[in-house]
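In case you want the letters, here they are:
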Amino acid sequence: MGKAHRIREDAARTDRLVRRYKQDQSRAALVAILDETIAEQRARRLGDIGKLLAAATDPWLLKRAAVLDDTTTRTTGRPCLYPNWALLLFGQAIDIYGSALYTDINLGDHNVWALVVNAVRDVHGDEVAAKLPATGPTVNHWNHFQRKSKQRGWVQKLRVAHRRAATEQAIAMGMFEPGNAFQVAKPTREVCITLDGKVSTSPSKYEPGTEYVNKTTGEIRVRRADDNTDLWPEAGSPVIPEGSSAEEIAKYRGDKTHRYEWGVKGTYAWARLVQSGTRICLDVETMTPSEHDEGRAIVDIVNSLADLLPGLQTVVVDGILRHKHIDPLMRRGLMVVNKPAQGPKKSRSTVKVGDRYEKSHHVGTYEKTGKHGTCRHRFYGIGGAVYEATANDQGTEVQTLLKQRTIRRPGAKNEFNWYRSIDIDCARCGGVTGHSVPLVAQDDDGFLRSEYLRQMAITDGTFAQTYGFRPDAESGNNGIEQAWYLKRMPAYGHHNQSLRMLLHAAQINAEAWHIHAGRLAHHDLLPDPEPTKQVAA
C-alpha cells in the first residue's frame, strides 16, 4: 500500500508541475520535471546521423547564413551549386566525421543526403529543399567557400551572427531570464557563463621556414607550417618575448614551474542547464600570435554577451583575470568568480589559507571611539576575503577571518558598486555591524584592490559550488579536439581556423537544441503549434 501511495503522489506531483510550467514557464518546475536517470540520459545521445540531422534542422542555420551577403554582380566562373547554408552545414559536419574528406564521402552518399534533404524540407520548407542537388557538397566546394569567405570578410559577420543566434537559443532554452533576481550569495547555473582558453593541436609541428632534404632527389624543401601557430603559456607562465633565440626559448620551456603549448589558441564562452546534453557555446575568439592577452579576449566576449543577455549575472573563469579585467566587469554589475593569483611562499606579505599561499594587503582601517579610548581595526585582503589583524596571547600578529557578505548596489552613470559588508566584534569599543569595504577600485587607492578582494572569496561557503561550474568549460574544450582526425586542427591560417571554430560551436549548439527539444517533446512540454490561418473563400 505504501509503494502504491508513493506512485500516486509522484504522478500527482508531476501533473501539478506540468500545469505550473505551462502556465508560467517556471524554471524550478522544469528542472523537477526533467530529472532523468543515467539510462534516460544515455538514450538521448546522438550518433553521426543524428548529429547531421540536428545540424540540418537547426532553426538558426539559415539565419546565420543570411548574413553572408552574395554580391548581385555576376562573377567569372559557374554559378554556385549550393547555397551558403549548405556549405555551413558541410563545415559543421567536419566535426562529425573528423575531416573534410570523410565529410565529402558521407554527404556524397545518396541515402545519407536524402535524409538531410527530407529533414530540411520538414523544418525549412519545400522551397529551401528544392534548391539542393542530388548529392551533398564536396571538398572542392568547401575549399572554394573558404577562399570566398576570406575575400569577402565573412568570418566577422558570421561570428556576430553566431553570437546573436547562440544567445537567442540560450534564452529559448530557459537560460538568462531577465526577470530573475540577482543571486549574489548563491548563483545558479542557468545565469552563469564559464570561459576558458584552449590551445588546439597545430596542423603542423614545424615552425615557418623549416627546411628538409628530399632523400630521393636531394632537393632542399620547406616544410608546410601554420603561421597562426605559436608557443602559448599556460596561466601563471610568462610570455616568451618576441624574437627570442632557440636557446632562450629552450630556457623558458625548461623551467619546471612554467608550461607552454604549441598550437592554435582560442577563447570560448559556455553555458548550460542542469540537464545533460544542454551545453552551448555562446562565443568564440581565435587569437593570433601577436595577441597573448587572454584576459582581454575574455572581457571582450563577456561585454558582447552582456549586451544581448540582460539576465547574465555571473562569470566563472580561472585565475587568468587580473585587476584590469575584473574591475570593469564589476562596474557593469556582473559577478566574477575566480581564484586570486597565489603569493610567493616565503614573502612576508603572504598568508597560508588551507593549502594555498595567498597574497595579503592592507585594504582599510575602521576607527571607533568609546569610553576606553579609540580602537583601530586594520583590515587585510587575503584570498578575496576581509581579515582583521589581531594579536594572540603571545603578542604575535594573526589574521582573523571576519563574518562578511557581498552587497551589490547601483551607482552613478549606469554603473554598479560592490562591497564586502563585515561585522567586527570588539569588547573594548563595542564593534560594528555592516561596515562596508569597497570592492571596486577607489580614486585614492594605492594598490590594485581587486587583486586582494573578490565578490566571492575562496573562504565563502558557496565558492566551491559556484567555481565548480568551471569544468563546463573544461569539458567543452576537451570535446574540441576529440572531433578531429588525429586530434589536430583541420585548417591552416587564422581565417580558416576562425571559421572552423565558429562552425564547431554551431554544431555543438545544434546538437544541444535537438536534445533539449526532444526532452521537452517527451514530457509534452513543447508549446502548442500556431493554429492554421483561415482564408476567406
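Throughout, a residue's number is its position along its own chain's written sequence, starting from 1. Two thresholds apply to this predicted model, a pLDDT of at least 70 for residue-level local features and 80 or more for giving and counting side-chain atom pairs, whereas whole-chain, interface and lining totals are computed over all residues. Just so you know, side-chain values use all the structure's heavy atoms and leave hydrogens and water out.

Quick notes on the environment of Ala 517
Alright, step 1. Mapped onto the elements, Ala 517 comes out in helix α17 (residues 494-522).
Alright, step 2. C-alpha of Ala 517 to C-alpha of Met 173: the two residues are 344 residues apart in sequence and 8.7 Å apart in space. Each helix is a run of DSSP H or I of at least 4 residues and each strand a run of E of at least 2, with the numbering of both proceeding from the N terminus.

Focus: the sheet that holds strand β15 (residues 416-424)
Alright, step 1. Only when DSSP finds a minimum of two bridges between them are two strands counted as paired. One open sheet holds the three strands; their spatial order is β14-β15-β16, and the pairing between them is antiparallel. Edge positions in the sheet fall to β14 (403-410) and β16 (432-438), since each of these pairs with one other strand and no more. Across the sheet, the axes of successive neighbouring strands diverge by a mean angle of 30 degrees, strand direction being ignored.
Alright, step 2. As paired strands, β14 and β15 are joined by eight bridges and run antiparallel to one another. By the bridge assignment for β15, Arg 409 is matched with Asn 417. To obtain each axis, a line is fitted to C-alpha atoms, and for helices this fit is confined to the stretch in contact; angles are then taken between N-to-C directions over 0 to 180 degrees.

Section: the pairing of strand β11 (residues 373-382)
Along any regular strand, the residues point their side chains to alternate faces of the sheet.
Alright, step 1. In this sheet, β11 lies alongside strand β10 (residues 356-370) in antiparallel orientation, the contact comprising ten bridges. Note on β11: the bridge partner recorded for Gly 364 is Phe 379.
Alright, step 2. Between β10 and β11, which pair antiparallel and follow one another directly, the connecting turn spans two residues.
Alright, step 3. Count of turn residues in the β11/strand β12 (residues 385-391) antiparallel hairpin: two residues, of which Gly 383 carries a positive phi of about 60 degrees.

Examining the pattern of salt bridges
Alright, step 1. Salt bridges are defined by distance alone: a side-chain nitrogen of Lys or Arg within 4 Å of a carboxyl oxygen of Asp or Glu. Counting across every chain of the model gives 26 salt bridges.
Alright, step 2. A salt bridge links Lys 63 to Glu 168; the shortest N-O distance between them is 3.9 Å. In this pair, Lys 63 is assigned in helix α5 (residues 61-66) and Glu 168 in helix α11 (residues 154-172), connecting sequence segments 105 residues apart.
Alright, step 3. Members of the salt-bridge network, linked through shared partners, are Arg 159, Arg 163, Asp 283, Glu 285, Glu 291, Arg 296 and Asp 300.

Thoughts on the sheet that holds β10
Alright, step 1. The strand order across the open sheet formed by five strands is β9-β10-β11-β12-β13, and the pairing between neighbours is antiparallel. The sheet is open, and its two borders are formed by β9 (350-353) and β13 (397-401), each paired with just one other strand. Direction aside, the axes of adjacent strands within the sheet are offset by 45 degrees on average.
Alright, step 2. As paired elements, β12 and β13 share five bridges and run antiparallel to each other. The partner of Glu 388 across the bridge, within β13, is Thr 400.

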